[in-house]
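# Coordinate analysis (summary)
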Protein chains: 4
Amino acid sequence: MKKYSFYIAGGDMRFVYLANSLAADGYTVTAFALSGAEGLSGDVIISGDSSEAAFSNVVVLPLPCDDRRGNLNAPFDKREIPLAEIVSRLEHGTVLVGGMVPKNIKNAAEKRGVPVIDYFEREEFAVRNASLTAEAAVALALEAVNESISKMPVLVLGHGRIGRLLGSMLKALDADVTVAARRYSDLAWIRSEGNTPIEFSRLGGKIGEFKVILSTVPATVLNKDILCFVDKGAVIIDLASMPGSIDFEAAEELGLRAERALGLPGKFAPKTAGEIVKETVLNILDEMGEDDLG
Amino acid sequence: MKKYSFYIAGGDMRFVYLANSLAADGYTVTAFALSGAEGLSGDVIISGDSSEAAFSNVVVLPLPCDDRRGNLNAPFDKREIPLAEIVSRLEHGTVLVGGMVPKNIKNAAEKRGVPVIDYFEREEFAVRNASLTAEAAVALALEAVNESISKMPVLVLGHGRIGRLLGSMLKALDADVTVAARRYSDLAWIRSEGNTPIEFSRLGGKIGEFKVILSTVPATVLNKDILCFVDKGAVIIDLASMPGSIDFEAAEELGLRAERALGLPGKFAPKTAGEIVKETVLNILDEMGEDDLG
Amino acid sequence: MKKYSFYIAGGDMRFVYLANSLAADGYTVTAFALSGAEGLSGDVIISGDSSEAAFSNVVVLPLPCDDRRGNLNAPFDKREIPLAEIVSRLEHGTVLVGGMVPKNIKNAAEKRGVPVIDYFEREEFAVRNASLTAEAAVALALEAVNESISKMPVLVLGHGRIGRLLGSMLKALDADVTVAARRYSDLAWIRSEGNTPIEFSRLGGKIGEFKVILSTVPATVLNKDILCFVDKGAVIIDLASMPGSIDFEAAEELGLRAERALGLPGKFAPKTAGEIVKETVLNILDEMGEDDLG
Amino acid sequence: MKKYSFYIAGGDMRFVYLANSLAADGYTVTAFALSGAEGLSGDVIISGDSSEAAFSNVVVLPLPCDDRRGNLNAPFDKREIPLAEIVSRLEHGTVLVGGMVPKNIKNAAEKRGVPVIDYFEREEFAVRNASLTAEAAVALALEAVNESISKMPVLVLGHGRIGRLLGSMLKALDADVTVAARRYSDLAWIRSEGNTPIEFSRLGGKIGEFKVILSTVPATVLNKDILCFVDKGAVIIDLASMPGSIDFEAAEELGLRAERALGLPGKFAPKTAGEIVKETVLNILDEMGEDDLG
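Report on the accompanying structure. (Residues numbered from 1 in each chain as written. Chains lettered and ligands numbered in written order. Predicted model: local features only at pLDDT ≥ 70, side-chain atom pairs only at ≥ 80, totals over all residues. Heavy atoms only, no water.)

So, about the packing of helix α1 (residues 13-24) of chain D against helix α10 (residues 270-287) of chain D. The relative placement of two packed helices is expressed as an angle between their axes plus a distance between the axes. Residue and element names in this part refer to chain D. Running from amino to carboxyl end, α1 crosses α10 at an angle of 60°, the nearest separation of the two axes being 7 Å. Between α1 and α10, the interaxial angle falls into the category oblique. For the crossing formed where α1 meets α10, the hand is right-handed. Two secondary-structure elements touch here, α1 through M13, R14, F15, Y17, L18, S21 and L22 and α10 through P270, K271, A273, G274, E275, V277 and K278. Its residues assigned to classes, the contact of α1 with α10 comprises eight nonpolar, two polar and four charged. (Axes fitted to C-alpha atoms, helices over the stretch in contact; angles between N-to-C directions. Helix = DSSP H or I, 4+ residues; strand = E, 2+ residues; numbered from the N terminus. Parallel < 35°, antiparallel > 145°, perpendicular 65-115°, else oblique. Left-handed = near helix turned anticlockwise from the far one by under 90°. Contact = heavy atoms within 4.5 Å. Nonpolar A, V, L, I, M, F, W, Y, C, P; charged D, E, K, R; others polar.)

So, on to the interface of chain C and chain A. Residue-level contacts link five residues of chain C with five residues of chain A. Carbon and sulfur atoms supply 33% of the area buried between chain C and chain A, which totals about 370 Å² over both sides. Seen at the junction of chain C and chain A, the total is two salt bridges. For C:D174, the salt bridge identified is with A:K171, shortest N-O distance 2.8 Å. Across the contact surface, chain C and chain A share four residue pairs in polar contact (both at pLDDT 80 or more). In the side of chain C that touches chain A, the residues fall into no nonpolar, two polar and three charged. (Buried area = accessible area lost by both parts, 1.4 Å probe. Salt bridge = Lys/Arg side-chain N within 4 Å of Asp/Glu carboxyl O. Polar contact = N/O pair within 3.5 Å; in protein donor to acceptor, adjacent residues only side chain to side chain.)

Expressed as a screw operation, the relation of chain B to chain A combines 0.0 Å of axial shift with a rotation of 180°, fitting to an RMSD of 0.0 Å. Accordingly, the operation relating the two chain copies is best matched by a two-fold axis. Of the residues that chain B buries at the interface, 100% are likewise interface residues in chain A, meaning the two copies contact each other through the same surface. (Least-squares fit on C-alpha atoms with pLDDT ≥ 70 in both.)

Moving on, we get to the environment of D:M100. All names here are of chain D. Tracing the backbone shows M100 in the loop between β5 (95-98) and α3 (103-111). Taking the C-alpha atoms as reference points, M100 and C65, 35 residues apart in sequence, are found 6.3 Å from one another. Setting aside residues up to four positions removed in sequence, M100 forms contacts with L63, P64, C65, D118 and F120.

This is the structure:
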């Protein structure tokens, strides 16, 4: 028999796939606030009442955990279910894992002797998720333009996880890729990856040459001063989390085509995104002491 | 001054871009039945009457030339304009180029001393166009599935131009690509391209493993006998020209997700598709004797 | 029990690996004129006298079959063994396969009711062998220069099998690859493969820019008229079979660094080269009638 | 006129190329202890006496600076030239840059008001140099085996700079690449790069499958306990700096083919390696205050 039992509370299609995948691996899986979703496997037990969470070793909260008003993020359930209520039922012997866990929830659980780990803060989760974002961004770029991607001048802003993977994928499709970064070491990496590095400070003179601009920088690097150099026929896609990279107001005034693309892994590849949550959660459990799991 | 003047009659956005691009190169370009399109450059002369075709060296008909009922293929013009009428105005000294030129039109033109060349039959046109089809098919595949393309088992049927380019692009995105072909030499090429070759006759036992099936074979290779082995969650995309590769009726009965994807270069990359027509037409003109062009 | 028994006569290390690989697959394999080689598997029967060839279904001659003086090409055996002698022992019921089989040997065998098939003329053999040549040429190129291959301007002459595979491998290593060809369709393929096409006729003005020039054209395309434009620091590698692509005398006069690289698959990857012979021979046998094999 | 003058003291061919490249950019360059090398440009001034170092803004010492006995690392000069002597001539207004600068030299220079910067410690230098090492390692791997690299099982130990770049290059040549790492985040990166990750602790059961093993780990990970699982026909290449990854004694006892490959950038690509020193030094100077440069 498998070592852990899981209680999956809320979330979008990624969490349906997560429940199915854990059940297919032979774990006992209970799902709460997911029964409205299509595609939940028959091997997953349905729970109607979150007080049952206490019967599992591991309670999994979605990404993000809450709806910003303190309730469980549960698009497949019409009820408003306070996160605090779920936590109030847990006891020592259960582990709580979640994505972007609010501080008060973390504190409340820990007070009850329930360890809390945020999978969103794990590096391996971030890397693998970045991969899905990069793939989806490639699909968006292919759709956005009326030309071949081959030899097309494309600009990627930022060389973090997404920027790095996105640069490599676009190059693999034979785009003519420039990646903007600030540090000499990133510029060296970009060159070693076969792409053209550019310092952010020199973008002004070059940005007009690009047909597609994909930004991953979580700061308004594309402000009015720089947007005014962008080609009118270009497409700008903002992949950075809110508030994003673009001054959208300025872009509109200038007649530029700019769009926000958020939550791509959940939209383009929910099944793989669910697998990634699963792997990260299993890594977390592997690292925990025997003590924590009753 | 440039050597040739062009008369572009009808066609979709590709031909708008063709007209713009020739004009930008400095050629005298007249457009007929394209004035309804957005984006036609101000450098292109508008012709309201096809009798003016005779004043240009080169008359370019679209791809395909006709609407299957003998009229010019002209989606941006509401009139019905018989192809025969256009040809009846031409005289020796003009060259007619077109895509999939109907036999009777070819004969009629040649009787008038007007040489006719079909750019659709040119190998370089086919290769470059196949590249656009392959790119668009990659975009369709990325959209069609709810998983990462990386390591995904993908099947490409056929190793002609599109199959070969598509296999390489999917591999570049790290898909786990199998390509089906019949000849030993194609199977050897597939392996040398880094993908897994499979003989068509052995597909039955393997086809159930693939999540995405992209067919380029212009014959019903995906009939009921083989479709019954396909995974219910798979997506089948038919890239082959009519009648295509799939027995759609059987696919529907079996509850399979199958779709036809035709005319992809014109839909996904009309600008590059227009460039490809341009380059092919210029190659054709380069090869012609001085004699033919008045 | 396996259907065929093999008699492998002569050849270099490729044929040692061929014998080992067929024996490992469970075939009865006898080797002649190979016992001097290191590494022959204990599962291979040693034959001291070529009259024993008649006891096997399939006699495999090496590539090339002869030493240009009518004897078996057998670098591991000091004797001179006339090919004609081996053939004079064969009878109907045995099949003879060889690489570059001399016409008189073919005739002699066929007169005895022994079908002869030349694996060197098979397209799948040529393609897979070209792959090994391309790989070895990449290794030579990496060694030949004192700079990084990344972004280095490299010229490949010819877009046959080797040229095409070599262009793709160099591009995969991020070289800046130009491929020269004559036909528009090849130029279109080169572009679709992501490299820069150039017509042979325009080489003069560009050839001075390349650091490495790899030629696959079996005709003296690099004559004095064009060699004089080559950079003095460049390296020219001639991969074409004799007489090759380069006027070596002119190259020497001009002080250019030029070298011939022949027989690369046998030198760099004899094991895989042996596998390729095996697969081709098995394909040949698969295609033959039952009749031919006793 | 260019802002800086350079005094290049000692070093191998990389430093000859460095001197030439700086001179070609228009800088005043003086070379010391390099006049024995072939290929030094006529634009470089020759200095016979290191006391002249003080007349330049920037003194560049080689990589490594010394011969481990306190003398300048100068393979092209037969003299023994104490590093301390060179430093004793410098004064405020000159900057000293070097690779792996010994502590006492650094102290001595700083006491004289001469700032010392070690380019070997710069991340951008390390990244770009790793790229050259990876390229050279690919060439070594191609040479080392008697099989095609395509689909060959290759193991890379470590996912630092070299491991990461090497994994990607081998994959680009279609090898079947596994990369060993310890951290979950590295394992996630390896997967996102399209290769197979393996934890070091699980190597024992798998290492026997690989034909080529390339190690980048500067610790004896390949000890007797693990070497005994390696295939007898495999090749092990140690890219890690001394003492390296391999217990060579144990490897010899086991009859394994293992070799050390050190200083690859200087051996395979000295010209590019010199360019990398140049770019790093120019980056260092860009970052320095006006004050430091007289």
